[in-house]
Amino acid sequence: MLANIVAGLVTAALLAVGGLAWQYRRRLGLLRAALHRSGRLRVSVAALLRIKDDDGYILMQHPFRPDAYGPPGGVFKYTSAARAALDAVGFVEHRPPGREATMSRDLRGFVPARLGLGFLRWFDSGADRESGPECLHRELREELAEAGHPELMALVENLRFQKVRAVVDGPRPTLGKEYRTIRSFEVYDIIADTPEALQLVQCLLTLGRDAGETAIILATAADIEEGRCERYLVSPQSAFLLGERRIHEDLPALR
């Protein structure tokens, strides 16, 4: 009888572990990090916009990395109501010197490794943070102004978006650091069902094809896989416009 009880307990434990592994099958690396219960994780969650025409994808110049180009979009922001939940998972913002104002309330920072899953669970709840469309509206307006095309900002106002995929990248080693990094991306398409949406997409594609335009380029899937479009570097997150697989390591940080 004792043997049957032990066998039952072992079976129940295996089923529980298997269920947990299945539930977090896309986040097994994060689950392993949580089990270590030491160290910290750098976390970042962002929305990316896929604007394409046949085999061409719109990429925009990074404002803090002029030699690198990536998809429109950026890091989600949280609201003041999220502070208690973020404190509960040990979230500490990371804002590089000189960017404190523009990166205020960005969901980019550090959490204890054991609480990484808790952070992503909070993010997945959608509570007290921007939605994907809200993030893209804000980021796209900012990026059009930075690219020197503020005349296109009005076309963003009523854009609607369709979610393509969500990708969790990592945890991955961080070059030259003792911590690992995990990033979560949501990829969206523009729903081009209004004159304004069609005009914006067409204007961006036209700019991307213009050899004299340096802030907005049109890269092919092969360029993204290569990590370079002519003389321009292509950021690693651009690969998530194509699918769920990262292709290149992070670009070295600027000093």
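Definitions and limits used
Residues numbered from 1 in each chain as written. Predicted model: local features only at pLDDT ≥ 70, side-chain atom pairs only at ≥ 80, totals over all residues. Heavy atoms only, no water. Helix = DSSP H or I, 4+ residues; strand = E, 2+ residues; numbered from the N terminus. Buried < 20%, exposed > 50% of the residue type's maximum accessible area, 1.4 Å probe, protein only. Contact = heavy atoms within 4.5 Å. Areas by Shrake-Rupley, 256 points an atom, 1.4 Å probe, with all protein chains shown as cover. Phe/Tyr/Trp six-rings, centres within 6.5 Å; stacked < 30°, edge-to-face > 60°. Lys NZ or Arg CZ within 6 Å of the ring centre and 35° of its normal. Pairing = 2+ DSSP bridges. Expected span 1.5 Å × (residues − 1).

Secondary structure assignment for the chain yields seven helices and twelve strands. Here the chain holds 255 residues, and 45% of them are scored as buried. Considering only contacts in the chain between residues 6 or more positions apart, those separated by 24 or more positions represent 67%. Of the roughly 13,600 Å² of accessible surface on the chain, 54% is carried by carbon and sulfur atoms.

Here the focus is the packing of aromatic side chains. Under the counting rule described, the total for this entry stands at seven aromatic pairs. Ring centres of tyrosine 69 and tyrosine 232 lie 4.6 Å apart, and the angle between their planes is 55°; on these two criteria the pair is classed as tilted. Here tyrosine 69 is found in strand E4 (residues 65-70), whereas its partner tyrosine 232 is found in strand E12 (residues 232-234), with 163 residues between them in sequence. Residue tyrosine 69 shares its accessibility class with tyrosine 232, and that shared class is buried. Each ring, one from tyrosine 78 and one from phenylalanine 91, has its centre 6.4 Å from the other, and the planes form 85°; the classification is edge-to-face. Here tyrosine 78 is found in the loop between strand E5 (73-75) and helix H3 (83-88), whereas its partner phenylalanine 91 is found in the loop between H3 and strand E6 (92-93), with 13 residues between them in sequence. Each member of the pair, tyrosine 78 as well as phenylalanine 91, carries the same accessibility label: buried. Through a chain of ring-to-ring contacts, the aromatic side chains of Tyr78, Phe91, Phe119 and Trp122 assemble into a single cluster. Here the guanidinium or amino end of arginine 40 rests over the ring plane of phenylalanine 110, the centre of that ring lying 4.1 Å away. Note that arginine 129 overlies the ring of phenylalanine 76, its terminal NZ or CZ placed 5.1 Å from the centroid.

For the rest of this paragraph, the subject is the pairing of strand E7 (residues 108-112). Burial analysis of E7 places five of its five residues in the buried class, the great majority of the element. Residues Arg108, Phe110 and Pro112 line one face of E7 and the alternating positions Gly109 and Val111 line the opposite face, and both faces are buried. Alignment of strand E1 (residues 40-50) against E7, held across five bridges, turns out to be antiparallel. Paired with leucine 41 across the two strands is valine 111, which belongs to E7. With two bridges joining them, E6 and E7 adopt antiparallel strand pairing. Bridge assignment links glutamate 93 to a residue of E7, and that residue is glycine 109.

Turning next to helix H5 (residues 132-146). Residues spaced three or four apart along an α-helix point in a common direction, a consequence of the helix completing one turn every 3.6 residues. In this model, H5 (15 residues) spans 21 Å end to end at C-alpha, consistent with the 21 Å of a helix rising 1.5 Å per residue. Residues Gly132, Cys135, Leu136, His137, Arg138, Glu139, Leu140, Glu143 and Leu144 constitute the buried set of H5. Buried positions along H5 lie against E1, strand E3 (56-62), E5, strand E8 (161-173), strand E9 (180-190) and helix H6 (195-209).

Relative to the elements of secondary structure, glutamate 139 occurs in helix H5. Residue classification places glutamate 139 among the buried residues on the basis of a relative accessible area of 11%. Excluding residues within four positions of it along the chain, glutamate 139 makes contact with Gly73, Gly74 and Val75.

Keep in mind that these numbers describe shape and distance, not what the molecule does.
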